[in-house]
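Now for the letters of each chain:
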Amino acid sequence: MAIRPISAECCLLIMTDNIIMARLFIDMDGTLATWKQAACFEDLLQENYFRDLPPYQTVVDAVRILCNTRPELDIYVLSAFMPENPCSVGEKNDWLNVYLPEVDAAHRIFVPCGESKAATAARRLKRPHIDKTFFLLDDYSVNLHDWKEKNGSGIKLRNGINGSTGTWKGASVSRFNTPETLAKLIWQSILAHTNTRD
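Residues numbered from 1 in each chain as written. Predicted model: local features only at pLDDT ≥ 70, side-chain atom pairs only at ≥ 80, totals over all residues. Heavy atoms only, no water.

**Q** What should I look at first to understand unusual backbone geometry in this one?
**A** Peptide bonds are trans in most cases, and residues, glycine excluded, mostly fall at negative phi. Of note in the backbone geometry, Lys126 takes a positive phi value of approximately 55° without being a glycine. When you line up the elements, Lys126 lands in the loop between helix H3 (117–124) and strand E6 (134–138). Judged by relative accessible area, Lys126 falls into the exposed class, the value being 74%. With phi around 80°, Asn151 is a residue other than glycine that occupies positive phi space. Counting through the fold element by element, Asn151 comes out in the loop between helix H4 (141–149) and strand E7 (153–158). In this structure Asn151 comes out as partly exposed when scored by relative accessible area, which is 30%. (Helix = DSSP H or I, 4+ residues; strand = E, 2+ residues; numbered from the N terminus. Buried < 20%, exposed > 50% of the residue type's maximum accessible area, 1.4 Å probe, protein only.)

Written out as structure tokens, the structure reads:
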């Protein structure tokens with residue numbers, strides 16, 4: 001078994017026999033599921049609001065491709081939830097059970113709205129902090145900037161709604177690509193940031 005360090009700043013090693021090379025955390029609302037603007041705050045508290053969101057099917061299918069072809073990639077869903085809506089976590093789990101069962105319950109992380117996704121991911125994985133091998137695929141630049149400030153690697157999903165102000169200067173992909181192209185672009189971004197080759 002060959003072992004080589006990724007970089008001096010990383011503590012994770014790449015091994016040739018399906019050892020985790022990187023972790024990909026994927027947002028739900030606006031990334032896996034269609035972003036639906038609520039008319040008012042109370043709409044977000046309605047039963048089935050989150051469960052009934054239609055998927056961005058190309059993104060869901062791209063994640064399935066990565067789940068089924070990249071065993072060296074540890075894939076999580078990392079989604080904010082509204083503590084004011086007691087159904088939101090259950091509905092998000094129901095949604096994932098229907099559209100993305102490849103991501104099992106142990107790989108689903110829910111963070112209260114307003115809290116740092118980076119800090120929550122580190123706590124969940126029992127790490128003091130995230131590092132460059134922790135990738136966040138998210139449509140919301142605020143989350144990506146926080147992730148990057150905490151030493152993670154971000155990939156912005158351009159969904160046709162966000163990205164109008166241009167604050168995110170890092171890697172990005174479009175939900176309008178085919179699932180195969182989208183999976184390939186995500187994987188290439190991970191390889192580029194971890195200084196490895198396919």
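Having seen the structure, we can now continue with the description.
**Q** Would you mind showing me how to read the side chain of Ser153 here?
**A** In this fold, Ser153 is placed in strand E7. If sequence neighbours within four positions are ignored, Ser153 has contacts with Asp131, Lys132, Phe134, Phe135, Leu136, Trp147 and His193. (Contact = heavy atoms within 4.5 Å.)

**Q** Got a minute to help me understand helix H2 (residues 88–99) in this structure?
**A** Quick reminder: α-helices carry 3.6 residues per turn. Residues three or four places apart thus point the same way. The terminal C-alpha atoms of H2 lie 16 Å apart, and with 12 residues this matches the ideal 16 Å at 1.5 Å per residue to within 8%. Among the residues making up H2, those that are buried are Ser88, Glu91, Lys92, Trp95 and Leu96. Taken down its axis, H2 places every buried residue within 140° of arc, on the same side. On its buried side, H2 packs onto helix H1 (57–69), strand E4 (73–81) and strand E5 (108–112). (Expected span 1.5 Å × (residues − 1). Arc of directions from axis to C-beta.)

**Q** Got a minute to help me understand the packing of aromatic side chains in this structure?
**A** In this description, an aromatic ring pair is defined by two values, namely the gap between the centres and the angle between the planes. One pass over the structure, following the stated rule, counts 5 aromatic pairs. Note on Phe25 and Phe134: the rings are 5.7 Å apart at their centroids and 10° apart in plane angle, and the pair reads as stacked. Taken together, the residues Phe25 in strand E3 (residues 22–26) and Phe134 in strand E6 connect sequence positions 109 residues apart. Relative to Phe50, the ring of Tyr49 lies with its centre 5.0 Å away and its plane at 85°, an arrangement referred to as edge-to-face. Summarising the burial analysis for this pair, Tyr49 and Phe50 share the class buried. Through a chain of ring-to-ring contacts, three or more aromatic side chains come together here, namely Phe25, Tyr76, Phe134 and Trp147. Against the face of Trp168 rests Lys148, its NZ or CZ located 5.9 Å from the ring centre. (Phe/Tyr/Trp six-rings, centres within 6.5 Å; stacked < 30°, edge-to-face > 60°. Lys NZ or Arg CZ within 6 Å of the ring centre and 35° of its normal.)

**Q** So what exactly am I meant to see when it comes to the pairing of E3 here?
**A** Strand residues, when the strand is regular, have side chains that alternate between the two faces of the sheet. Within E3, 5 of the 5 residues are buried, which leaves the element mostly enclosed by the surrounding structure. Alternating positions in E3 separate into two faces, Ala22, Leu24 and Ile26 on one and Arg23 and Phe25 on the other, with burial throughout. As paired strands, E3 and E4 are joined by 5 bridges and run parallel to one another. Across the sheet, Leu24 pairs through a bridge with Ile75, a residue of E4. In the classification by handedness, the crossover that spans E3, the intervening H1 and the parallel E4 is right-handed. Two strands pair when backbone bridges link them, and E3 and E6 are joined in this way by 4 bridges, in the parallel orientation. (Pairing = 2+ DSSP bridges. Right-handed = clockwise from strand over helix to strand, strands pointing away.)

**Q** Please clarify how the nonpolar core should be interpreted in this entry.
**A** As a rule of thumb, nonpolar side chains are buried together in soluble globular proteins. Judged by nonpolar contacts, the single largest core of 38 residues is most densely connected at Leu24, Leu32 and Ile186. Those elements giving two or more residues to this core turn out to be E3, H1, E4, H2, E6, E7 and helix H5 (179–194). With 6 residues, the single largest contributor to this core is H5. Leaving out residues up to four positions away in the same chain, Leu24 has contacts with Leu66, Leu73, Asp74, Ile75, Tyr76, Phe135, Leu137 and Ile186. Counting residues in each nonpolar core, the second largest holds 15 residues, with Val111, Leu125, Phe134 and Leu144 among its members. (Core = buried A, V, L, I, M, F, W, Y, C linked by side-chain atoms within 4.5 Å.)

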